[in-house]
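Understanding the architecture of this molecule
Residue-level listing of the chains:
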Amino acid sequence: MSLKKPHGTCSLAKQRGNLIIVSLVIIVVLLALGLALVKVLSGASQQNTIEYYGARAYMAAQSGIESGLTQLFPVDDSPAQNCASVTSNLTFETKYLAYCTVTLSCEEYIDLPDSSTTNGLVNIYYLQSSATCAATNCPVGNSCRKDYWQTQRTLSVEAKTLP
């Protein structure tokens, strides 16, 4: 009488090497997942940085508009000025708006008819503020240019003299 192996069992010699193949497949899958996660996190980090500098540019443009309105309409009850009194280029000393520049333009429309005023005439001023913010102050031609980028925001407002 001979001893037969039960059905479905294999010798250990035939299974040798399967563990290595399974381990390599698991390592490759985990490596692919890790690389995908790094790419997603890197993109999210870059998007947050761009949004941060975009918010800085928006605030700088808003500050430019407010500066222009203050120059056009002084708070000391003196009459409204003209566009020649508006500073066209602004730079900021605060650290939160460092490396931000603002270009302000002004157009004026004088003595337009308006029924809401007592004399029937009004002056309208159109201000446009364009702010550009960068991460660093990198002059053209320097080696830092390869990593240099900037964001820009433009705001505009119309204002008229009060009756």
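Scroll up to find the structure.
Residues numbered from 1 in each chain as written. Predicted model: local features only at pLDDT ≥ 70, side-chain atom pairs only at ≥ 80, totals over all residues. Heavy atoms only, no water.

Turning our attention to the pairing of strand E3 (residues 121-134). With ten of 14 residues buried, E3 is to be regarded as a mostly interior element. By the bridge criterion, twelve bridges tie strand E2 (residues 100-113) to E3 in an arrangement that is antiparallel. Paired with valine 102 across the bridge in E3 is alanine 131. Bridge count for E3 against strand E4 (residues 150-160) is eleven bridges, and the pairing is antiparallel. Across the sheet, the residue bridging to alanine 134 is glutamine 150, located in E4. (Buried < 20%, exposed > 50% of the residue type's maximum accessible area, 1.4 Å probe, protein only. Helix = DSSP H or I, 4+ residues; strand = E, 2+ residues; numbered from the N terminus. Pairing = 2+ DSSP bridges.)

So, on to the sheet that holds E4. Within a sheet, neighbouring strands are paired by backbone hydrogen bonds and run either parallel or antiparallel to one another. With antiparallel pairing, the four strands of this open sheet are ordered in space as E1-E2-E3-E4. A strand with exactly one partner marks an edge of an open sheet, and here the two such strands are strand E1 (89-91) and E4. Across this sheet, the average inter-strand angle for adjacent strands is 20°, counted without regard to direction. Strand contacts of helix H2 (residues 18-72): E1, E2, E3 and E4, with the helix running at about 150° to E3, the strand carrying the most contacts. (Axes fitted to C-alpha atoms, helices over the stretch in contact; angles between N-to-C directions. Contact = heavy atoms within 4.5 Å.)

The next subject is the packing of aromatic side chains. Under the counting rule described, the total for this entry stands at two aromatic pairs. Residues tyrosine 52 and tyrosine 53 carry aromatic rings whose centres are separated by 5.0 Å and whose planes lie at 75° to one another, so their mutual orientation is edge-to-face. Overall, the relative accessible area of 45% leaves tyrosine 52 in the partly exposed class. For tyrosine 53, a relative accessible area of 14% gives the class buried. Taking 5.6 Å as the distance between ring centres and 85° as the angle between the ring planes, the aromatic pair formed by phenylalanine 73 and tyrosine 125 counts as edge-to-face. Here phenylalanine 73, found in the loop between H2 and E1, pairs with tyrosine 125, found in strand E3; they are 52 residues apart in sequence, far enough to count as distant. With a relative accessible area of 3%, tyrosine 125 lands in the buried category. (Phe/Tyr/Trp six-rings, centres within 6.5 Å; stacked < 30°, edge-to-face > 60°.)

Attention now moves to the environment of isoleucine 124. Tracing the chain through its elements places isoleucine 124 in strand E3. Given a relative accessible area of 24%, isoleucine 124 falls into the partly exposed group. Along the chain, isoleucine 124 and lysine 160 lie 36 residues apart, while their C-alpha atoms are 4.3 Å from each other. Other than its neighbours up to four places away in sequence, isoleucine 124 contacts Glu107, Glu108, Tyr109, Leu112, Ala159 and Lys160.

Glancing now at the state of the cysteines. Enumeration according to the criterion identifies two disulfides in this entry. A sulfur-sulfur separation of 1.9 Å characterises the disulfide bridge that pairs cysteine 83 with cysteine 106. Between cysteine 83 and cysteine 106 the sulfur-sulfur dihedral comes to about -55°; the bridge is accordingly left-handed. Of this pair, cysteine 83 sits in the loop between H2 and E1 while cysteine 106 sits in strand E2, and the two are 23 residues apart along the sequence. Between the sulfur atoms of cysteine 100 and its disulfide partner cysteine 133 the distance amounts to 1.9 Å. Where cysteine 100 bonds to cysteine 133 through sulfur, the torsion about that S-S bond is close to 115°, and the disulfide is right-handed. With cysteine 100 in strand E2 and cysteine 133 in strand E3, the pair connects residues that are 33 residues apart, well separated along the chain. Each member of the pair cysteine 100 and cysteine 133 is classed as buried. (Disulfide = S-S within 2.5 Å.)

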